[in-house]
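Summary of structural features
The primary structure of each chain is shown beneath.
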Amino acid sequence: MAYQPRIFVVANADYRQNHNIMTLDNLQVYFVKNKTFGPGKPDVILHAGFDKHAPVAASCKFKHFSSGCTLGLGDYNNPNACVWEDFEKVSLGSSEYSFSFTIPGQGRKTFSWKHTRHVGIDGEKPHRWGSGQNYKMVDSITNELLAVYNTSGRFSLKDSGRFQLNVNYGRDFDTMVFLTGMTLVEKARRRASSSAAAGGASAGAAGGGGGG
């Protein structure tokens, strides 16, 4: 059965630290809280509401000694009630991440997020600025295109990007798409922040070497 693609806007919140996921009609779907401090807290949390006080729908915890993550569908404060999955690079040195999930009526499937330069939202070409944050998600076996995330570009103050979901596998699957997609966005943001900090430190060291 063919489904009409669904598009969602990812809007910046809290000085781009966090995000809102909304329909094109401005209906709030999730508030995305990215970790700023607090030991043991997940790095990305999806709240089913307008802010961090809304119920937790899903979360992602970055692993300390690898590039992978642990996904939790449900409230991490009640771990026994969560569905836990791994979100890992498919191979060493690859930028492709995959996770598995059980689809009602279809069984266990594996999905992969990959960088894309050509697959856009609603047939539009992806924004070339910040192209490292343009992704497509495919079925790892059939290579069917299931979802897309495109950045709005590095200079956009209001919007971070957009999701397009090409299938309707149920609300839980939608949540996993949003969670894994926003995890990749947060990883990219942290890499950019670390690179900028390293560049600033190097410039400072070079500038301070001429004293005396």
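The preceding data block contains the structure.
Residue numbers here run from 1 along each chain, matching the order of that chain's written sequence. Side-chain atom pairs in this predicted model are given and counted only at pLDDT of 80 or more, local residue features only at pLDDT of at least 70, and totals for whole chains, interfaces and linings cover all residues. Here the side-chain values reflect all heavy atoms present in the structure, with hydrogen atoms and water set aside.

Once that is clear, we can look at the sheet that holds strand E2 (residues 18-23). By definition, two strands form a pair when at least two bridges between them are found by DSSP. Only DSSP runs of H or I with at least four residues qualify as helices, and only runs of E with at least two residues qualify as strands; both kinds are numbered from the N terminus onward. The 12 strands are arranged E1-E2-E3-E4-E5-E6-E7-E8-E9-E10-E11-E12 in a closed barrel whose pairing can be described as antiparallel. For this sheet the average axis-to-axis angle between neighbouring strands, irrespective of direction, equals 20°. Direction of pairing for strand E1 (residues 6-13) relative to E2: antiparallel, over a ladder of 6 bridges. By the bridge assignment for E2, Val9 is matched with Met22. Lines are fitted to the C-alpha atoms to define the axes, a helix being fitted only along its stretch in contact, and any angle between axes, read from their N-to-C directions, falls within 0 to 180 degrees.

This part covers the environment of Met22. Structurally, Met22 can be placed in strand E2. Partly exposed residues are those whose accessible area sits between 20% and 50% of the maximum for their type, while under 20% is buried and over 50% is exposed, using a 1.4 Å probe and protein chains only. Accessibility expressed as a relative area gives 14% for Met22, which makes it buried. Placed 11 residues apart in sequence, Met22 and Ala11 show a C-alpha to C-alpha distance of 7.7 Å. Those residues in contact with Met22, other than ones at most four positions away along the chain, are Phe8, Val9, Ala11, Leu27, Gln28 and Val29. We call two residues in contact whenever any of their non-hydrogen atoms come within 4.5 Å of each other.

A few words now on the layout of surface pockets. Put simply, the second largest pocket is a space of about 250 Å³. A 1.4 Å probe that fits but cannot get out identifies a cavity on a 1 Å grid over protein atoms alone, an open set with protein on both sides within 12 Å along at least five of seven lines counts as a pocket, and a residue lines either if it has an atom within 4 Å of a point. Contributing to the lining of the second largest pocket are Lys33, Asn34, Lys35, Thr36, Phe37, Lys41, Pro42, Ile45, His47, Lys52 and Tyr76. Each residue gets one label: Ala, Val, Leu, Ile, Met, Phe, Trp, Tyr, Cys and Pro are nonpolar, Asp, Glu, Lys and Arg are charged, and the others, such as Gly, are polar. Its residues assigned to classes, the lining of the second largest pocket comprises 4 nonpolar, 3 polar and 4 charged. Grid points are joined across faces, edges and corners, and a volume is the space filled by probe spheres set on the points.

Turning next to the pairing of strand E4 (residues 44-47). On E4, burial covers both faces: Val44 and Leu46 on one face and Ile45 and His47 on the other are all buried. In terms of strand pairing, strand E3 (residues 28-34) meets E4 through 4 bridges, oriented antiparallel. Pairing of Phe31 across the sheet is with His47, part of E4. Of the pairings in the sheet, the one linking E4 to strand E5 (residues 56-62) comprises 4 bridges and is antiparallel in character. Residue pairing in the sheet places Leu46 in a bridge with Ala58 of E5.

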